[in-house]
Amino acid sequence: MSRRRIQAKTSRSRDAQRTKASAWRAIAYAEDMAALAEVLREFAAGAPVALCCGRSGGRSGRFGSDAGLPADLRDALAEAIEALDDRPRRSGSGAGFAQARAVPHALGWVAVALGCEGQCSEDRLRHLADAALRRAATLLEREHLHETVHRLEKAELLQSALYAIADMASAPLEMSEMLRGIHRIVSDLMYAENFYIVLYDAARESIRFLYFADSKDNFAPDPETEFAIADLPNSLTVALIRRGQSMMGPSGRVAEELGLASSPQTGPESEDWLGVPMLDDHGVRGAVVVQSYDHGVRYSEEDRTLLTFVARHILTALLRKQGQHELEQRVRDRTRALAAANDELRQEIEERQRAQRLLAAQFRIAELSIGADSMESFYAQVHAVVGELLYAKNFFIALLSEDGTALEFPYSVDERDPPRPRRLLGRGLTEYVLRTGRPLLVDQAAHEALQARGEVITSGAPSDWWLGVPLVQDERTIGVLAVQSYSPGIGFNLHDQELLSFVAFHIAAGLERKQAQDRLKLAYAELEQRVEERTHALAEANRELRAMIAERERAEERLTHQALHDSLTGLPNRVRLLDRLQAAMARYHRDPRRSFAVLFLDLDRFKVVNDSVGHLIGDEMLVQAGRRIAGAVREPDTVARLGGDEFAILLEEIHGEEEACEVAARVIDALAAPMIIGDKELYTSASIGIAMAHPRYSQGEELLRDADVAMYRAKAAGRQRYEIFDEQLRHEALRVLDIESDLRRALATGDFEPHFQSIVRLGDAHRVGLESLLRWRHPCHGILCPEHFLAVAQDSGLIEQIDWLLFERTCRLAPSLLGPGQYVSINVSPRHFRSPRLAGRLLELMAVNGLAPSQVRIEITEGALLDDSSVVRDSLVQLREAGVVVQLDDFGTGYSALSYLHRFPIGSLKIDRSFIAGLDSSSGQGGTAVVRAILALARSLGIEAIAEGIETPAQRETLIGLGCAYGQGYLFDAPWAAGEIGAPDVHLA
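Residues numbered from 1 in each chain as written. Predicted model: local features only at pLDDT ≥ 70, side-chain atom pairs only at ≥ 80, totals over all residues. Heavy atoms only, no water.

## Here's the deal with the overall build of the protein chain
Scanning the protein chain for helices and strands turns up 26 helices and 33 strands. Taking 989 residues into account, the globule formula puts the C-alpha radius of gyration at 30 Å, and the protein chain, at 64 Å, lies well above it. Taken over the C-alpha atoms alone, the protein chain extends approximately 205 × 110 × 70 Å along its principal axes. Taking all 989 residues of the protein chain together, the buried fraction comes to 43%. Of all intrachain contacts in the protein chain linking residues separated by at least 6 positions in sequence, the fraction that spans at least 24 positions is 61%. Here the protein chain contributes 113 positive and 143 negative side-chain charges, whose respective centroids are spaced 8 Å apart. (Helix = DSSP H or I, 4+ residues; strand = E, 2+ residues; numbered from the N terminus. Rg over C-alpha atoms; globule rule 2.2 N^0.38 Å. Buried < 20%, exposed > 50% of the residue type's maximum accessible area, 1.4 Å probe, protein only. Contact = heavy atoms within 4.5 Å. Lys, Arg positive; Asp, Glu negative; His and termini not counted. Charge placed at Lys NZ, Arg CZ, Asp CG, Glu CD.)

## Some details on the pairing of strand β15 (residues 465-473)
Counting buried residues along β15, seven of its nine residues qualify, which places the element largely inside the surrounding structure. Where strand β14 (residues 440-443) lies against β15, four bridges are found, and the strand directions are antiparallel. If you follow Leu441 over to β15, its bridge partner there is Leu467. For β15 and strand β16 (residues 476-485), the ladder comprises nine bridges, and the chain directions are antiparallel. Along β16, the bridge assignment pairs Gln473 with Arg476. (Pairing = 2+ DSSP bridges.)

## What about the side chain of Asn194?
Mapped onto the secondary structure, Asn194 falls in strand β5 (residues 194-201). Of note is the side chain of Asn194, whose polar atom sits 2.8 Å from the backbone nitrogen of Ser215. In contact with Asn194, other than residues within four places in its own chain, are Ala213, Asp214, Ser215, Val289, Val290, Gln291, Ser292 and Tyr293. (Polar contact = N/O pair within 3.5 Å; in protein donor to acceptor, adjacent residues only side chain to side chain.)

## A look at the UniProt feature "domain: GGDEF" (unreviewed entry) in the protein chain
Look at the UniProt record and you will see "domain: GGDEF" (unreviewed entry) annotated at residues 594-727. Measuring from the first to the last C-alpha atom of residues 594-727 gives 22 Å, for a span that is 44% helix and 30% strand. (UniProt positions renumbered as here; feature names shortened; annotations may be inferred.)

## Quick look at the pairing of strand β30 (residues 908-911)
Burial along β30 is two-sided: the residues Ser908 and Lys910 and Leu909 and Ile911 are all buried. Here three bridges tie strand β29 (residues 885-891) to β30, and the two strands are oriented parallel to one another. Note on β30: the bridge partner recorded for Leu888 is Leu909. The sheet contact formed by β30 and strand β31 (residues 944-947) spans four bridges and is parallel. Note that in β31 the partner of Ile911 across the bridge is Ala947.

## Points about helix α20 (residues 799-817)
Structural remark: α-helix, 3.6 residues per turn; residues separated by three or four positions point the same way. Over its 19 residues, α20 runs 25 Å from end to end, which matches the ideal 27 Å to within 8%, given 1.5 Å per residue. Within α20, the axis deviates most sharply at Cys811, by approximately 25 degrees, and proline Pro815 lies no more than four positions further along. Where α20 is concerned, the buried positions are Ile799, Ile802, Asp803, Trp804, Leu805, Leu806, Phe807, Thr810, Cys811, Leu813, Ala814 and Leu817. (Expected span 1.5 Å × (residues − 1). Bend = angle between axes of the 7 residues up to and from the residue.)

## Focus: the sheet that holds strand β17 (residues 595-603)
Taken together, five strands build an open sheet; the order of strands is β18-β19-β17-β22-β23 and the sheet is mixed. Each end of this open sheet is capped by a strand with a single partner; those strands are β18 (638-643) and β23 (722-724). Going across the sheet, the axis of each strand differs from the next one's by a mean of 20 degrees, ignoring polarity. In terms of strand pairing, β17 meets strand β22 (residues 686-692) through seven bridges, oriented antiparallel. By the bridge assignment, Leu599 is partnered in β22 with Ile690. (Axes fitted to C-alpha atoms, helices over the stretch in contact; angles between N-to-C directions.)

## Things to note about a nonpolar patch on the surface
Residues Leu520, Tyr524, Leu527 and Val531 make up a contiguous nonpolar surface patch of about 360 Å² in total accessible area. The topology assignment puts Leu520 in helix α12 (residues 494-564). (Patch = residues over 30% accessible without salt bridge, like charges linked within 9 Å, V, L, I, M, F, W, Y side chains within 5 Å. Areas by Shrake-Rupley, 256 points an atom, 1.4 Å probe, with all protein chains shown as cover. Salt bridge = Lys/Arg side-chain N within 4 Å of Asp/Glu carboxyl O.)

## What to know about the environment of Gln968
Relative to the elements of secondary structure, Gln968 occurs in the loop between β32 (966-967) and β33 (976-977). Under the relative-accessibility criterion, Gln968 is labelled buried at 2%. Here the alpha-carbon distance between Gln968 and Glu367, two residues 601 residues apart in the chain, equals 91 Å. At 2.7 Å, the side chain of Gln968 and the side chain of Lys910 are in polar contact.

## Some points on the packing of aromatic side chains
Taken as a whole and assessed by the stated rule, the structure comprises 18 aromatic pairs. Here the basic side chain of Arg841 rests over the ring of Trp804, its NZ or CZ set 3.8 Å away from the ring centre. The lysine or arginine in question, Arg857, covers the ring of Tyr823, its NZ or CZ lying 3.8 Å from the ring centre. (Phe/Tyr/Trp six-rings, centres within 6.5 Å; stacked < 30°, edge-to-face > 60°. Lys NZ or Arg CZ within 6 Å of the ring centre and 35° of its normal.)

## Quick word on the sheet that holds strand β12 (residues 406-413)
Overall, antiparallel pairing links the six strands, which are arranged β13-β12-β11-β16-β15-β14 in an open sheet. Edge positions in the open sheet fall to β13 (423-424) and β14, since each of these has one partner strand only.

## Some words on the environment of Gly769
Relative to the elements of secondary structure, Gly769 occurs in strand β25 (residues 766-778). What makes Gly769 buried here is its relative accessible area of 0%. For the pair Gly769 and Arg552, spaced 217 residues apart in the sequence, the C-alpha separation amounts to 70 Å. Excluding its chain neighbours within four sequence positions, the residues that come into contact with Gly769 are Gln757, Ser758, Ile759 and Tyr823.

## Some points on the UniProt feature "coiled-coil region" (unreviewed entry) in the protein chain
According to UniProt, the positions carrying the feature "coiled-coil region" (unreviewed entry) are residues 324-362 and 513-558. Structurally, residues 324-362 is divided into 100% helix and 0% strand, and its ends, taken at the C-alpha atoms, are 55 Å apart.

## Considerations on unusual backbone geometry
Excluding glycine, residues mostly carry a negative phi; peptide bonds, for their part, are mostly trans. For Glu475, which is not glycine, the phi dihedral falls at a positive 60 degrees. Summarising the element assignment, Glu475 is placed in the loop between β15 and β16. Overall, Glu475 belongs to the exposed group, its relative accessible area being 81%. The residue Gln720 is not glycine, and still its phi comes out positive at about 50 degrees.

## Observations regarding helix α7 (residues 251-258)
Among all positions in α7, only Ser251, Val254 and Ala255 are buried. Looking straight down α7, one finds its buried side chains confined to an arc of 100 degrees; they lie on one side. In α7, the exposed positions that point more than 90 degrees away from the buried face belong to Glu256 and Glu257. (Arc of directions from axis to C-beta.)

## A look at the nonpolar core
Formed by 57 residues in total, the largest nonpolar core has its most connected members in Leu842, Ile858, Ile860, Leu876, Leu909, Val931 and Leu959. Top element by residues in this core is α20. It accounts for six residues. Once you skip the residues sitting within four places of it in the chain, Leu876 turns out to touch Phe833, Ile858, Ile860, Leu865, Val886, Phe904 and Pro905. Membership of the second largest hydrophobic core comes to 34 residues, among which are Ile649, Ala660, Val667 and Ile724. (Core = buried A, V, L, I, M, F, W, Y, C linked by side-chain atoms within 4.5 Å.)

## Observations regarding the packing of helix α15 (residues 615-631) against helix α16 (residues 657-672)
It is at 9 Å that the axes of α15 and α16 come closest, and there the two elements cross at 145 degrees. For α15 against α16, the interelement crossing comes out right-handed. Contact residues: Ala625, Arg628 and Ile629 in α15; Val667, Ala670 and Leu671 in α16. (Left-handed = near helix turned anticlockwise from the far one by under 90°.)

## Quick look at the domain arrangement of the protein chain
According to the domain assignment, the protein chain consists of domain 1 (19-147), domain 2 (171-330), domain 3 (397-481 + 490-525), domain 4 (569-725) and domain 5 (748-977). Its C-alpha centre places domain 3 at a distance of 82 Å from the equivalent point of domain 5. (Domains from an automatic or database assignment.)

## A short note on the side chain of Thr684
Along the polypeptide, Thr684 turns up in the loop between β21 (680-682) and β22. For Thr684, a relative accessible area of 8% gives the class buried. Setting aside residues up to four positions removed in sequence, Thr684 forms contacts with Leu603, Asp604, Met621, Leu671, Ala672 and Met675.

## Some points on the packing of helix α13 (residues 574-590) against helix α17 (residues 700-716)
Viewed as axis vectors pointing N to C, α13 and α17 meet at an angle of 110 degrees, and their least axial separation amounts to 9 Å. Regarding the angle of α13 to α17, the classification is roughly perpendicular. Residue-level contacts link Arg574, Leu577, Leu578, Leu581, Gln582 and Met585 of α13 to Gly700, Glu701, Leu703 and Leu704 of α17. (Parallel < 35°, antiparallel > 145°, perpendicular 65-115°, else oblique.)

Right, dumping it as structure tokens:
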């Protein structure tokens, strides 16, 4: 090779080395990917070049482009990027290659493609490609680090902002101050010159603008003012709350997308608007909104995400602040309540302390009234007690003289006035209290007002405050207790007045005791003088007193005996029997083997003896009967007289019913023997009921009651016998109780009603009157006649109430049922005649219902005439004089005493149905004779006769033949209930 060629080649080699070195320096110092790509194009000498980079998983390049590469080189570049294995890929024509490698730290890749059409050799280009890839990887890593640092800075800023929001929520800040701080924090994170926070109330469908800051909108809402959702139909904020999703963009475009109309109410339109909802587990609670009026300020998705995240923490801060405010409010409320309770407690403590002081003063005054040596000492110590309770430096006690004309001052302490002498009554403040009998509290002005009105006239040194209260004994004012002050700074109040009044009450009592004590001391002196004189007399009186005490003890024994024994027979009475019976029951309940029995006996037909031979003979019969009964029992058993002709026997420690029956038989036998009383031989017998001990009994009265029931069964069975109370009697007693309960309920509900039966003229069956008959409309048993319940009603005393209910309803219905000349008869129980007001009440009832007395008849039985005949006669005469006819019912079945017809104003007789029933029987001659006799008696006395119970035409014909004009019975009509319609027509059955 020639030297010239060698020199040329060497020169080119040095140039190439210099060029390579400068390219590497340019690559090494490239600041970014664009500069690196420019270096490659410069040193590629016009060959096609592509420099690309991107994130893992994608082929898109951030710098450079493969658009200028031949197709086969682009394919090679794509293959290298796909593989990322740092191995060169040659183009299909061999005119270039492509190479790519991963950048692990940046999680991305870099790639380069170089054509070989220029002046650079392939080796040079490959070295350039390696250098470029290394530098590109470095730049990508640096960019990644910058992005990481930027994200960390933003995260740190966000974290600081969240901490600041949390700190403000916990800090003792007002809500407005905290919201301004939140605005500053959001402004540090993004553009937030225009910023507001809205709180949403789903229950009330309203929003409140808790915070509002805007550079163009002058809207300045009150945080406490609520805006109804319905009043803001075009509001973006309302739309944001309803959707519950963030919204971003120019306000006009967002509103248009949502179909909202433009409205001045929604404020000016913004260039960019970003709103996010505040959400929690309960849904949308509000919204946070930022907006921009500047074309150059826009919000990004990153801002949306950031504001959404911050909104959650703002909501948490708001809720915490609200909870803090609510807690503070509750604390304030509780504090006020505790303060009030504390005040009440303090007042109560003060009241109790005051009460204790008053109580101590009361005890002290009571002690002084007993223990003081003299009245002067008593007054002085009372002054000391009052001084402990209130200001009492100036204190006096004024008492009214015995003649009531002057004031005396037994005690007076005053810093200005000398001791007060006795003075006649005048017009001073003390006399004012005496006159009025009321406390008086006055200051100087009130004192002058009293003087101006002429009610008081001042005497003595004028005081700034004066308080006086009356001293009262036996409702009479005897004096005044007063305190006064000569200093304007020391005054009195109503509390002091109440306190001094309380003290004055006890001072008056103590004064009375002290005066009494002093009087007693004086009396003691006189007494001591008389003691010696009276000693002998007392000794004599003592002997007499001992005798009187002995006599009194004997009298007490007699009274005790009389209280527990019957005064006539000397037997134990009901009280003593019940006491012994209760003891026997207690022993039986402790030991059921210690059985006992109660015998209840009643002398048969004793009333006949009393009425026939007199009460003295009857009393002697009771005495002898008591002796015979007592002689028929054992010593430990008790025989008691309960009253009248009733006796009871308590048999203790028996072994069964047989022993009780044996005693009952002995008593019956003992009483069966004749009794010689005076010159008369009298007989009596006894009906006995026996009740055996049983665990169901808890009171002695229960045993007496059941024995009484058994006794009545013995009487009903024929008298002079005994019966044992058993379950049948118990059930009967319960039945009677049930009937009585039903009767009381029926009275309350008005279930009793009158049914009517016609009274007719027998000749033509023309109705002349109606008889009102009692019926009970029982809710379970239907219509009940009196025989089912009358006995219980009479025994329980309910018959009078039932009768008056029947009377009222009969009188109310009668005017609509009676024709001209007709009457209605009502049955009157004998119990009614115990009341002298019977006639007046009946006449008043007739008048109220528009019923003339001549239209009413009353029916009575002979039993009503047996009691107090004078009371009965007065009532019947009063009714007869008013025009009411009296009918004697069931005539012929009782005593049928003719004296009744003369003594009482009887206007009609009713022949009992038992005689009428015998008129058409085979043995009817006896019944006919009785009826003929009654009719003859009635005609001779001018009394009307009515036959009852006519059921057959033969009975009717017989009665007509005997001269009976009137009658009633089922032949004519059965008893019927009265409705709104009139009485049914009479017919012959």
